[in-house]
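Chain by chain, the residues run as shown.
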Amino acid sequence: MNTRRTIWKWLIPVLFLTLAVAAALIWWFVIRQSLPYPLETTRRANALHEQMLSFDAHLDIPLDYGSPGLEADRDGHSQFDLVKAGKSRLSGGVLTIWSWPEFWAGPNSPHRPTPGFLEAMQNELEVRYRIITGIAKDYPNQAGIAYTPADFRRLAHEGKFAIVISMLNAAPLGDDIDKLDTWAARGVRIFGPGYVGNNSWTDSARPLPFLGDTEDEQGGLSKLGRTAIERLNELGVIIDVSQMSSNALRQTAELTRAPIIASHSGVRGIMDIRRNLSDEDLRHIRDTGGVAHIIGYSGFLKPFSRETITRMNELRAKYGLQDIQNMTQVSTTTDPIFSIWSEEKFGEYLGPFYDILGQEPRATLEQFVDAIDYTVKKIGIDHVGIGSDFNDGGGVIGWESVADNRNITAELIQRGYSDEDIGKLWGGNFLRVWERVQATAVQK
């Protein structure tokens with residue numbers, strides 16, 4: 001009996017030790033070896049996200065946000081929710097109010113504008129505004145609206161997600177510039193006049209001939225758009241030049257009294273499309289003291305593959321179009337000939353067009369950081385930030401949602417960025433701009 005007890009006395013510790021060694025070996029050879037970055041890099045990235053303020057300059061909210069699987073307080077299908085933000089210690093971000101005309105994406109689309117389309121776009125703004133403000137109302141212990149940089153810092157210190165409200169696309173406002181005052185009073189702190197397709201305020205980086213647009217038809221900003229720049233400065237609202245034509249961007253930089261931002265853009269030096277920022281565009285943003293936030297959208301981060309270009313040329317030949325002359329023709333429908341196509345013919349063309357784009361290989365996290373590297377080298381670390389475009393096409397291999405933000409930080413560490421520089425990229429630069437913009441506001 002004593003012999004058995006003695007055996008078990010020594011056997012149990014040996015079994016525990018054996019299991020511990022086995023677990024350690026499994027961790028090292030399976031889990032550890034599968035980690036994308038060295039352990040010390042991962043530890044440093046984790047530590048940074050525990051202490052620095054981090055900010056995403058462009059997050060989208062779908063119109064069905066809050067429905068089953070898309071709840072703000074659950075780790076669901078959305079690329080952004082409060083659970084994922086908590087996992088990555090994302091301090092806050094821009095939630096964007098915008099609308100896409102139903103004649104492009106609604107029933108029986110595409111079709112040209114019909115009566116009531118403006119009202120439909122305005123209604124879409126209201127729906128998104130209610131969803132965004134509803135997050136703060138429904139989850140007051142997890143989120144709040146940041147109306148000032150001080151609010152942002154306070155909410156982050158309280159462990160809450162700081163929501164900054166932006167609006168993109170002036171088209172739903174018609175020609176009523178006083179609506180800028182209304183939306184500023186409702187909490188909008190960033191406003192981007194441009195979007196896909198020209199509007200009465202500004203030319204777009206992506207005009208739509210099917211809707212009657214021509215490239216640079218207003219020469220950049222219209223008279224209304226120029227007036228809007230002054231009004232936005234007075235209101236202390238940050239001007240967002242993403243989506244605007246290069247002429248409009250340059251004019252905005254010349255007219256503004258405050259720094260401007262691009263909330264979600266790529267760079268033409270890597271992917272040469274009009275939607276991306278040229279080196280001159282980058283310099284204009286820098287010279288205002290502003291920030292260019294690099295987008296996490298795959299199609300703006302690398303050239304199209306040969307296979308995609310070949311297939312697109314085959315499609316174009318089928319419709320009597322010449323071979324692709326520039327990458328913008330691959331990424332969007334900007335050919336002037338579309339202005340005379342029937343709705344039926346254009347709709348028939350769009351199906352395979354988007355199918356081809358959908359099969360283009362995705363960009364990687366490394367290619368996203370390549371774009372950051374490029375922009376830093378062109379205009380300096382103080383003028384670069386991050387804008388994911390999640391929930392509207394954003395996401396690259398290695399950065400699929402806000403939960404993966406630490407991967408960006410780890411990649412930046414691997415490339416030699418200091419903790420201070422990483423803090424600037426992740427929000428420090430934006431908060432500096434926001435403070436300067438508010439300092440130019442006219443006190444009423």
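Look a little higher up for the structure.
Here's a quick rundown of the structure.

## So, helix α8 (residues 223-235)
Each α-helix turn comprises 3.6 residues. Residues three or four places apart therefore point the same way.
No. 1: Taking 1.5 Å of rise per residue, 13 residues should cover 18 Å, and α8 covers 19 Å from first to last C-alpha, within 8% of that figure.
No. 2: For α8, the set of buried residues is L224, G225, A228, I229, R231, L232 and N233.
No. 3: Residues of α8 that are buried sit in contact with α7 (179-185), β5 (188-192), β6 (238-240) and α9 (246-255).
No. 4: Of the residues trailing α8, G236 is marked for its positive phi of about 75 degrees.

## Focus on the pattern of salt bridges
No. 1: Enumeration over the complete set of coordinates arrives at 27 salt bridges.
No. 2: The salt bridge involving R89 is made with E50; its shortest N-O contact spans 3.3 Å. Here E50 lies in helix α2 (residues 39-51) and R89 lies in the loop between α3 (82-88) and β2 (92-98), a separation of 39 residues in the sequence.
No. 3: Its salt-bridge partner being D178, residue R231 comes within 3.2 Å of it at the nearest N-O pair.

## Observations concerning the pairing of strand β7 (residues 260-265)
No. 1: The element β7 is largely enclosed, with a buried count of six among its six residues.
No. 2: Here β6 pairs with β7 via two bridges, running parallel. In the strand pairing of β7, I239 is matched with I260.
No. 3: Considered for its hand, the β-α-β crossover made up of β6, α9 and β7 is right-handed.
No. 4: Of the strand pairs in this sheet, β7 and strand β8 (residues 291-295) are connected by three bridges, and their pairing is parallel. When the bridges of β8 are listed, A262 appears paired with A292.
No. 5: In the classification by handedness, the crossover that spans β7, the intervening helix α10 (residues 279-287) and the parallel β8 is right-handed.

## Examining unusual backbone geometry
No. 1: Although it is not a glycine, N169 adopts a positive phi angle of roughly 95 degrees.
No. 2: Even without a glycine there, the phi angle at D389 is positive, about 65 degrees.
No. 3: On the secondary structure map, D389 appears in the loop between β9 (384-387) and α15 (405-414).

## Considering the packing of α8 against α9
No. 1: At a minimum axis separation of 10 Å, α8 and α9 run at an interaxial angle of 45 degrees. It follows that α8 is oblique to α9 by the angle criterion. Judged by the twist between their axes, the crossing of α8 over α9 is right-handed. Together, R226, I229 and N233 of α8 and Q251, T252 and L255 of α9 make up the contact between the two elements.

## A few points about helix α14 (residues 365-379)
No. 1: Here α14 is 15 residues long and its end C-alpha atoms lie 21 Å apart, about the 21 Å a rise of 1.5 Å per residue gives.
No. 2: Of all the positions in α14, only L365, F368, V369, A371, I372, D373, T375, V376 and I379 are classed as buried.
No. 3: For α14, the secondary structure elements touched by its buried residues are α10, β8, β9, α15 and α16 (419-439).
No. 4: Immediately downstream of α14, the backbone of G380 shows phi near 100 degrees, a positive value.

## Observations concerning the packing of aromatic side chains
No. 1: Under the counting rule described, the total for this entry stands at 20 aromatic pairs.
No. 2: Seen in terms of ring centroids, W341 and F346 are 6.5 Å apart; in terms of plane orientation they differ by 70 degrees. Their pairing is edge-to-face.
No. 3: Taken together, a centroid distance of 4.8 Å and an interplanar angle of 45 degrees make the contact between F368 and W399 tilted. In this pair, F368 is assigned in helix α14 and W399 in the loop between β9 and α15, connecting sequence segments 31 residues apart. Of the two residues, F368 and W399, both sit in the buried class.
No. 4: Taken together, the ring pairs in this structure connect F210, Y319, F338, W341, F346, Y349, F353 and Y354 into an aromatic cluster.
No. 5: In this structure, R186 packs its charged tip against the face of Y129, placed 4.2 Å from the ring centre.

## Some points on the environment of G92
No. 1: Among the structural elements, G92 can be located in strand β2.
No. 2: For G92, a relative accessible area of 0% translates into the label buried.
No. 3: G92 sits 23 residues away from G69 along the chain, and the two C-alpha atoms are 22 Å apart.
No. 4: Not counting residues within four places of it along the chain, the set of residues in contact with G92 comprises S54, F55, D56, F152, F161 and A162.

Here is what the cut-offs are and how they apply
Residues numbered from 1 in each chain as written. Predicted model: local features only at pLDDT ≥ 70, side-chain atom pairs only at ≥ 80, totals over all residues. Heavy atoms only, no water. Helix = DSSP H or I, 4+ residues; strand = E, 2+ residues; numbered from the N terminus. Expected span 1.5 Å × (residues − 1). Buried < 20%, exposed > 50% of the residue type's maximum accessible area, 1.4 Å probe, protein only. Contact = heavy atoms within 4.5 Å. Salt bridge = Lys/Arg side-chain N within 4 Å of Asp/Glu carboxyl O. Pairing = 2+ DSSP bridges. Right-handed = clockwise from strand over helix to strand, strands pointing away. Axes fitted to C-alpha atoms, helices over the stretch in contact; angles between N-to-C directions. Parallel < 35°, antiparallel > 145°, perpendicular 65-115°, else oblique. Left-handed = near helix turned anticlockwise from the far one by under 90°. Phe/Tyr/Trp six-rings, centres within 6.5 Å; stacked < 30°, edge-to-face > 60°. Lys NZ or Arg CZ within 6 Å of the ring centre and 35° of its normal.

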